[in-house]
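As a plain string of letters, each chain reads:
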Amino acid sequence: MKVVNLKQAILQAWKERWSDYQWAINMKKFFPKGATWDILNLAEALLEQAMIGPSPNPLILSYLKYAISSQMVSYSSVLTAISKFDDFSRDLCVQALLDIMDMFCDRLSCHGKAEECIGLCRALLSALHWLLRCTAASAEQLRVGLEAGTPAAAEKQLAMCLQRLEKTLSSTKNRALLHIAKLEEASLHTSQGLGQGGTRANQPTASWTAIEHCLLKLGDILAGLSSPQLRSQAEQCGTLIRSIPTMLSVHSEQLHKTGFPTVHAVVLLEGTMNLTGETQPLVEQLMMVKRMQHIPTPLFVLEIWKACFVGLIESPEGTGELKWTAFTFLKIPQVLVKLKKYSHGDKDFTEDVNSAFEFLLKLTPLLDKADQRCNCDCTSFLLQECSKQGLLSEASMNNLMAKRKADREHAPQLKSDENANIQPNPGLILRAEPTVTNILKTMDADHSKSPEGLLGVLGHMLSGKSLDLLLAAAAATGKLKSFARKFINLNEFTTHGSEESTKAASVRALLFDISFLMLCHVAQTYGSEVILSESSTGTEVFFFETWMQTCMPEEGKILNPDHPCFRPDSTKVESLVALLNNSSEMKLVQMKWHEACLSISAAILEILNAWENGVLAFESIQKITDNIKGKVCSLAVCAVAWLVAHVRMLGLDEREKSLQMIRQLAGPLYSENTLQFYNERVVIMSSILEHMCADVLQQTATQIKFPSTGMDTMPYWNLLPPKRPIKEVLTDIFAKVLERGWVDSRSIHIFDTLLHMGGVYWFCNNLIKELLKETRKEHTLRAVELLYSIFCLDMQQVTLVLLGHILPGLLTDSSKWHSLMDPPGTALAKLAVWCALSSYSSHKGQASSRQKKRHREDIEDYISLFPLDDMQPSKLMRLLSSNEEDANILSSPRHSPGKRSTPDG
């Protein structure tokens, strides 16, 4: 009776010509709350009335479209109703139904009970069967039309059918729903027997066999048609349909072939950000990952090599490439030597290393890409180094080298004409290692006896990429700190000049300048902690250490231009200003270079004031800046260091002259009257100034062209996209990493920047939320492996936040318990245990250099620094714009509204 009433209501609406929204209002009056529209079969009733004539009734169709848009009827009920229409000769009716399907077929969803969700899958399967039948009927009509000479209408309908098929099947989600329907069909057949559908028997569900028959029939019909475009479109749809039964198995295979992303990421992290770190902490961390994940030794060693080759391929040109080369060919063999001690026997470990190389040789595209990047046979260099360290027998090495040589013969041409004469970096790095030892011995000699000889050695180091090669080799072998210490001693030795000739004075100036520039370059490339001596009472504090700590701009370090360190003795400043302004060039004899470096900031302030007040003209400023950079580049570095701090404190309209002075100091001096190795020193100076100015130039939206060195000196700087909340950036980059299955070097730097910007609590909390969103076991396991490696950026702090704040918050809030169900809950437990184990094992050891150099406040200090009840500082605007639903996301995890817990140290 209700169906009759429903039909009567539809007919009344048609007779009285109700608009769609009037119809919806009146329908709700006729049928008060109780039974849903799907139970009343509203979609089927509307379609039945709309499709009575040869063409559809547009008014009743508008009611159906309104019902779909306002969610009065479910997608499954509409699809089921469409699949019951079988008079494909009525072209206009078919096209109307295809248009209705087009409204929602690419965004199917169901928010009801499990039974309703399964109903949607079954309805989609029926709709697919209907589409295939419709396509076959249209193709048959086209064939007949071609014979009769009237193909136009049938061809249009066939194109529409194939377009809807393609749109429906192109969605992975739709194919997954069809896969579920197929599995459901199979389970029904096994549990109830064919033909006994129980409560489902009244629903017209198509069988998978019927769909396969339709596909075959469609293929036969289309084979006789002349349109290649339609045939190609139909073949693509057929391929997608045939791929549905194997969706799950194919996806599982991909997940299981991803290797061991934690090992991969730990190695990438170390090579990208911690080349100077000691090998023992890395060895212990890798061994812990191996034990926690039960990785067989050959696959473990293979993953280390894979990460090294990926790092080599990804590394930016210049210093980054040299660092990765040193890490791969010098540091990792030393790491493996230490890993060998954890093995049960030497023979076993060498066999495992041999097996790892056997596996590696099968990854031909990876090795070919690395060879192309390095312009050499990387595997050969690596095998020789491993054999030298006792990790491979000579027989194994020769066997592996022969296999790789045979593979390389089939590889694409690796050497081009233009780089055939370039020496490969692996060979240069391996030769640089003994050179570092020789230079350290040379630096131990008495500097006063043969300063010219020492200058010759240093000058040779400056040429080409020699300096970066030597520094990379020293960093990878743990000699960089000693290297830096020797140069600090040399720099200190050159600060004072007794009775000296002009030649001796120029040699002393050059030794001071080269040592100063080298130390600045080391501090910027490898971190200032490499330069600083271990603090101990009574130790002499050298000039360069003092200057670097108080006057050198670094990322995250804000300098005060009015600090006493920039305000030395006024008489020295006056004499320096006079010297710069009046002399045609800088004097060298008995010059105290360290005093000049400390006085230059105050001198620049005097000169700036004189320029702004019109006392000095621009030509005088040019002459002064030429004097500053003409002989000793260190003075220009010290001057720009102060100018950078000064510009930060100025208003928008006050910066022009300071920035112009930086521009003047940044360019080289084109003059014949310069000291030896000037061009080489200017290259290093430009790189140092570019690093110093990067932050302030970005903040002031200023551009300064530094002399190009032919490579990107700051490859991983400024990676965050502008005008995007950092919460979005974090979730996006993690989603990409999770989809890919491994972390690349660029992602590591973005994660590090986000950790630095948002703080440990924000970073950890948001990544844990992403983990808890995962619902598939394979994805949660992969997410745990990747999160553990990302947390290695600052493992101890992350573990404290995770165990002390985030987990207790989840466990004590009943509204969040649903998110801790299996599998994400189990995955979070595993992650917490892994982090706790790693932090506990490394607790007695010292923090790695990459953790020491992060300038950020402790998490306890966030509330005192940025009270949430006050106006938020501009630095937090990007955080606030992320629409975070958690009101306490920016607050200290030690504080919650209305309650303050005591710090636990």
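Conventions we followed
- Residues numbered from 1 in each chain as written.
- Predicted model: local features only at pLDDT ≥ 70, side-chain atom pairs only at ≥ 80, totals over all residues.
- Heavy atoms only, no water.
- UniProt positions renumbered as here; feature names shortened; annotations may be inferred.
- Helix = DSSP H or I, 4+ residues; strand = E, 2+ residues; numbered from the N terminus.
- Contact = heavy atoms within 4.5 Å.
- Areas by Shrake-Rupley, 256 points an atom, 1.4 Å probe, with all protein chains shown as cover.
- Axes fitted to C-alpha atoms, helices over the stretch in contact; angles between N-to-C directions.
- Parallel < 35°, antiparallel > 145°, perpendicular 65-115°, else oblique.
- Left-handed = near helix turned anticlockwise from the far one by under 90°.
- Nonpolar A, V, L, I, M, F, W, Y, C, P; charged D, E, K, R; others polar.
- Expected span 1.5 Å × (residues − 1).
- Buried < 20%, exposed > 50% of the residue type's maximum accessible area, 1.4 Å probe, protein only.
- Phe/Tyr/Trp six-rings, centres within 6.5 Å; stacked < 30°, edge-to-face > 60°.
- pLDDT = per-residue confidence, 0-100.

Identification of the chain as Mediator of RNA polymerase II transcription subunit 24 from Camelus ferus is taken from an unreviewed UniProt entry. Looking at the chain in UniProt, the text filed under Subcellular location (unreviewed entry) is "Nucleus". The Sequence similarities (unreviewed entry) field of the UniProt record for the chain holds the comment "Belongs to the Mediator complex subunit 24 family."

Engineer: Before we move on, could you go through the overall build of the chain and cite the residues and values that matter?
Structural biologist: Scanning the chain for helices and strands turns up 41 helices and two strands. Restricting to contacts in the chain with at least 6 residues of sequence separation, those with at least 24 account for 78%. Counting every atom, the chain has about 42,300 Å² of accessible surface; 53% of that belongs to carbon and sulfur.

Engineer: Describe the packing of helix 10 (residues 208-223) against helix 11 (residues 228-243), naming the residues involved and giving the relevant values.
Structural biologist: Direction vectors running N to C along helix 10 and helix 11 enclose 160 degrees, while the axes themselves pass 11 Å from each other. Judged by the angle between their axes, helix 10 and helix 11 are roughly antiparallel. Handedness of the helix 10/helix 11 crossing: left-handed. From helix 10, Trp 208, Ile 211, Leu 215, Leu 222 and Ala 223 reach across to helix 11, where they touch Arg 231, Ala 234, Gly 238, Ile 241 and Arg 242. Residue composition of the contact of helix 10 with helix 11, by class: seven nonpolar, one polar and two charged.

Engineer: Now, about unusual backbone geometry: what can you tell me, with residues and values included?
Structural biologist: Here the residue pair Asp 822 and Pro 823 is connected by a cis peptide bond, since its omega of 10 degrees sits within 30 degrees of zero. Tracing the backbone shows Pro 823 in the loop between helix 37 (795-812) and helix 38 (824-841). Residue His 294 is not a glycine yet carries a positive backbone phi of 55 degrees. Structurally, the position occupied by His 294 is in the loop between helix 14 (279-293) and helix 15 (297-314).

Engineer: Before we move on, can you summarise helix 8 (residues 152-169) with the specific residues and values?
Structural biologist: In a regular helix each residue adds 1.5 Å, so 18 residues correspond to 26 Å; helix 8 covers 26 Å between its end C-alpha atoms and thus fits that length. Among all positions of helix 8, only Ala 154, Gln 157, Leu 158, Met 160, Cys 161, Leu 162, Arg 164, Leu 165, Thr 168 and Leu 169 are buried.

Engineer: Please provide a residue-by-residue account of the side chain of Thr 731, values included.
Structural biologist: Along the chain, the position of Thr 731 falls in helix 33 (residues 726-740). The exposure class assigned to Thr 731 is buried, which follows from its relative accessible area of 17%.

Engineer: Tell me about the packing of aromatic side chains, residues and numbers included.
Structural biologist: Taken as a whole, this structure holds 16 aromatic pairs when the rule is applied. On the numbers, 5.9 Å between centres and 25 degrees between planes, the contact of Phe 512 with Phe 516 is stacked. With Phe 512 and Phe 516 both in helix 25 (residues 502-526) and four residues apart, the pair spans about one turn of that helix. By relative accessible area, which is 0% here, Phe 516 ends up buried. In this structure an aromatic cluster arises from ring pairing among Phe 512, Phe 516, Phe 543, Phe 544, Trp 547 and Trp 593.

Engineer: Describe the environment of Glu 394, naming the residues involved and giving the relevant values.
Structural biologist: Inspection of the secondary structure assignment puts Glu 394 in helix 20 (residues 394-409). Here the alpha-carbon distance between Glu 394 and Leu 383, two residues 11 residues apart in the chain, equals 9.5 Å.

Engineer: Run through the packing of helix 3 (residues 42-50) against helix 4 (residues 58-69), naming residues and quoting values.
Structural biologist: At a minimum axis distance of 8 Å, the contact between helix 3 and helix 4 shows a crossing angle of 160 degrees. By the angle between their axes, helix 3 is roughly antiparallel relative to helix 4. For the pair helix 3 and helix 4, the crossing hand works out as left-handed. In contact with Ala 43, Leu 46, Leu 47, Gln 49 and Ala 50 of helix 3, helix 4 contributes Ile 60, Leu 61, Tyr 63 and Leu 64. When the residues that make up the contact of helix 3 with helix 4 are grouped by side-chain class, the tally is eight nonpolar, one polar and no charged.

Engineer: I'd like to hear about helix 29 (residues 618-630), residue by residue, with values.
Structural biologist: Across its 13 residues, helix 29 extends 18 Å between first and last C-alpha, which sits within 8% of the 18 Å expected from 1.5 Å per residue. Looking at the buried residues of helix 29, the elements they touch are helix 27 (570-582), helix 28 (593-612), helix 30 (633-648), helix 31 (656-666) and helix 32 (678-699).

Engineer: Describe the confidence of the model for the chain, listing the residues and the values that go with them.
Structural biologist: Taken residue by residue, the chain gives an average pLDDT of 78. The fraction at 70 or more is 81%. Per-element confidence in the chain ranges from a low mean pLDDT of 37 for helix 40 (residues 862-865) to a high of 92 for helix 35 (residues 760-773). Counting interchain partners and residues more than four positions distant, the pLDDT-below-50 stretch residues 192-204 has 13 contacts. Throughout residues 846-905 the model reports pLDDT below 50, and contacts reaching past four residues in sequence, or to other chains, amount to 92 contacts.

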